[in-house]
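# Structural features, examined
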Amino acid sequence: MSNKPIGIFDSGVGGTSIFKEVHMLLPNENMIYLADSKNAPYGNKSEEEIRNLSIKNTEFLLEKGCKIIVVACNTATTNAISYLRETYDVPFIGIEPAIKPAALNTKTKAIGILATKGTLSSQLFHKTSDLYANGIKVIEQVGEGIVPLIESGQLHTNQMKDLLQMYLEPMLKANIDYLVLGCTHYPYLIPMLETMLPKEVKIIDSGLAVAKQTKAILHSQNLLNSEINKPSIKLYSNRNVEVLDALLEGKFETAYLDF
Ligand code: DGL
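Scope of this entry: the structure provided in the associated data block. (Residues numbered from 1 in each chain as written. Predicted model: local features only at pLDDT ≥ 70, side-chain atom pairs only at ≥ 80, totals over all residues. Heavy atoms only, no water.)

## Some remarks on the nonpolar core
What counts is decided by this rule: We define the nonpolar core as a collection of buried residues of types Ala, Val, Leu, Ile, Met, Phe, Trp, Tyr and Cys that are connected through side-chain atoms lying within 4.5 Å of one another. Relative accessibility under 20% of the residue-type maximum defines a buried residue, over 50% an exposed one, and the middle range a partly exposed one, all with a 1.4 Å probe and only protein chains included. In this analysis, two residues are considered to be in contact whenever any of their non-hydrogen atoms come within 4.5 Å of each other.
Within the largest apolar cluster, 54 residues are counted, with the highest numbers of intra-cluster contacts made by Ile146 and Leu179. Ignoring sequence-local partners within four residues, the contact set of Ile146 consists of Leu114, Met160, Leu163, Leu164, Tyr167, Tyr186 and Leu189. Among the nonpolar cores identified, the runner-up in size contains 23 residues, and Ile55, Ile69, Val71 and Tyr236 belong to it.

Written as structure tokens, this is what we have:
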């Protein structure tokens, strides 16, 4: 079982930001990544639609024999992970906006969260926010339009910069000192965000935390790969494989999948 792959899925190419962290921390592991780009963005879909797509992605990865599933999508995690955990036997690792570290460390008592509508309206997000952000001003902002631009390969464009400018404005007015990236597509925007934010504003992205949690669970369940052959790593997309290749800088094997 331990030489079976780690399965990772996202609504599209964004989850590769998590894939890279997991691969860096666990270079010996076989991995399969699924980008459901044909159905992106998930962020504006209903909870039921997000759950059904998450089931479909999970079953694809389970058919490939995955020993653990990383839901590399905040929208799918916040809307579907409890269902997935109740339904399937393998462990699931999820990602949700890192409100806790931002709320614990803010000095200005104001933090910004940029995420999808599906994430910000989920029960899980509200629960976490109520738990940790008591007495703190949380500026929630839906990143409408960002995911489609990234999915079509328009990362470094003026259109993207204009969108970010618009979304950051209310946060900067509220004097935030932490910006939480609540969508796995957004870490690719960090270089652009850094040119737009004052130095005092720290950006929080949870990719490394997800990788560490994946390692901890594999270790505790005796599932770390003990073979030392070159790992098999494959990334599939059901839409623009070129966009996937560009974000991976051509370093990994990708393929189109009619899914
Ligand atoms: N990467 C996603 C997330 O973390 C999904 C965004 C979307 O498809 O709307 O939420």
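Continuing now.
## As for the packing of helix 2 (residues 47-63) against helix 3 (residues 74-87)
Which entries qualify depends on this criterion: With axes taken as lines fitted to C-alpha atoms, and helix axes fitted only over the stretch in contact, angles between N-to-C directions fall between 0 and 180 degrees. Elements are defined by DSSP. Helices are runs of H or I of four residues or more, strands are runs of E of two residues or more, and each kind is numbered from the N terminus. Any angle that falls under 35 degrees is termed roughly parallel, while one over 145 is termed roughly antiparallel, one within 65 to 115 roughly perpendicular, and all others oblique. Handedness of a crossing follows from how the near helix is turned relative to the far one, being left-handed for an anticlockwise turn of less than a right angle and right-handed for a clockwise one. Charged residues are taken to be Asp, Glu, Lys and Arg, nonpolar residues to be Ala, Val, Leu, Ile, Met, Phe, Trp, Tyr, Cys and Pro, and polar residues to be all remaining types, Gly included.
The geometry of helix 2 relative to helix 3 is characterised by a closest axis approach of 9 Å and an angle of 70° between their N-to-C directions. Viewed along their axes, helix 2 and helix 3 adopt a mutual orientation that is roughly perpendicular. Here helix 2 runs over helix 3; the crossing is right-handed. Contacts between helix 2 and helix 3 involve Glu47, Ile50, Arg51, Ser54, Ile55 and Thr58 from the former and Thr75, Ala76, Asn79, Ala80, Tyr83 and Leu84 from the latter. Counted by class, the contact of helix 2 with helix 3 contains six nonpolar, four polar and two charged residues.

## Some details on the pairing of strand 7 (residues 178-182)
Under the convention used in this document: One requirement defines pairing of two strands: DSSP has to find at least two bridges between them. Classification remark: right-handed applies to a crossover when, strands pointing away from the viewer, the course from the first strand over the helix to the second runs clockwise.
With five of five residues buried, strand 7 is to be regarded as a mostly interior element. Side chains of strand 7 alternate between two faces, with Tyr178, Val180 and Gly182 and Leu179 and Leu181 buried alike. The sheet contact formed by strand 7 and strand 8 (residues 202-204) spans three bridges and is parallel. Following the sheet pairing, Tyr178 is matched in strand 8 by Lys202. Between the parallel elements strand 7 and strand 8, the chain passes through helix 9 (residues 190-196) in a crossover that is right-handed.

## Things to note about the sheet that holds strand 8
Pairing is parallel in the open sheet, where four strands are placed in the order 6-5-7-8. The outermost strands of the open sheet, each flanked by one partner alone, are strand 6 (137-142) and strand 8. In this sheet, neighbouring strand axes are inclined to one another by 20° on average, regardless of whether the strands run parallel or antiparallel. When strand 5 (residues 110-115) meets strand 7, the two strands line up parallel, connected through five bridges. Paired with Ala115 across the bridge in strand 7 is Gly182.

## What about the site of the ligand?
For clarity, the cut-off: We define proximity as follows: a residue is near a molecule or strand when any one of its heavy atoms falls within 4 Å of that partner. We call two N or O atoms a polar contact when they sit within 3.5 Å, provided that within protein one can donate a hydrogen and the other can accept it, with sequence-adjacent residues counted only if both atoms are side-chain atoms. Accessible surface area values rest on a Shrake-Rupley calculation with a 1.4 Å probe, where residue burial reflects the displayed protein chains alone.
Among the 13 residues in the neighbourhood of the ligand, the closest are listed as Ser11, Tyr42, Gly43, Asn74 and Thr75. A distance of 2.8 Å is found between an oxygen atom of the ligand and a backbone nitrogen or oxygen belonging to Asn74. Protein chains bury 99% of the 300 Å² of accessible surface belonging to the ligand in isolation.

## Considering the pattern of salt bridges
Where charged atoms from two side chains of opposite charge come close, those side chains can pair. Note the cut-off: Salt bridges are counted wherever a side-chain nitrogen of Lys or Arg sits within 4 Å of a carboxyl oxygen of Asp or Glu.
Here the structure, examined in full by the defined rule, presents four salt bridges. As a salt-bridge pair, Glu169 and Lys173 come within 3.5 Å of each other at their nearest N and O atoms. Pair noted here: Glu169 and Lys173 are both in helix 8 (residues 158-173), with a separation of four residues, about one helical turn. The class of Lys173 is exposed, set by a relative accessible area of 68%. Here Glu249 and Lys251 are joined by a salt bridge, their closest N and O atoms 3.7 Å apart. Look at Glu249 and you get exposed, because its relative accessible area is 57%. By relative accessible area, which is 59% here, Lys251 ends up exposed.

## Examining helix 10 (residues 207-220)
Rule in force here: A helix is expected to reach a length of 1.5 Å times the quantity of its residues less one.
For helix 10, spanning 14 residues, the distance from its first C-alpha to its last is 20 Å, which sits close to the expected 20 Å at 1.5 Å a residue. Contacts from the buried residues of helix 10 go to strand 1 (6-10), helix 1 (16-25), strand 3 (68-71) and strand 4 (92-93). Looking one or two residues beyond helix 10, the residue adopting positive phi is Asn222, at roughly 60°.

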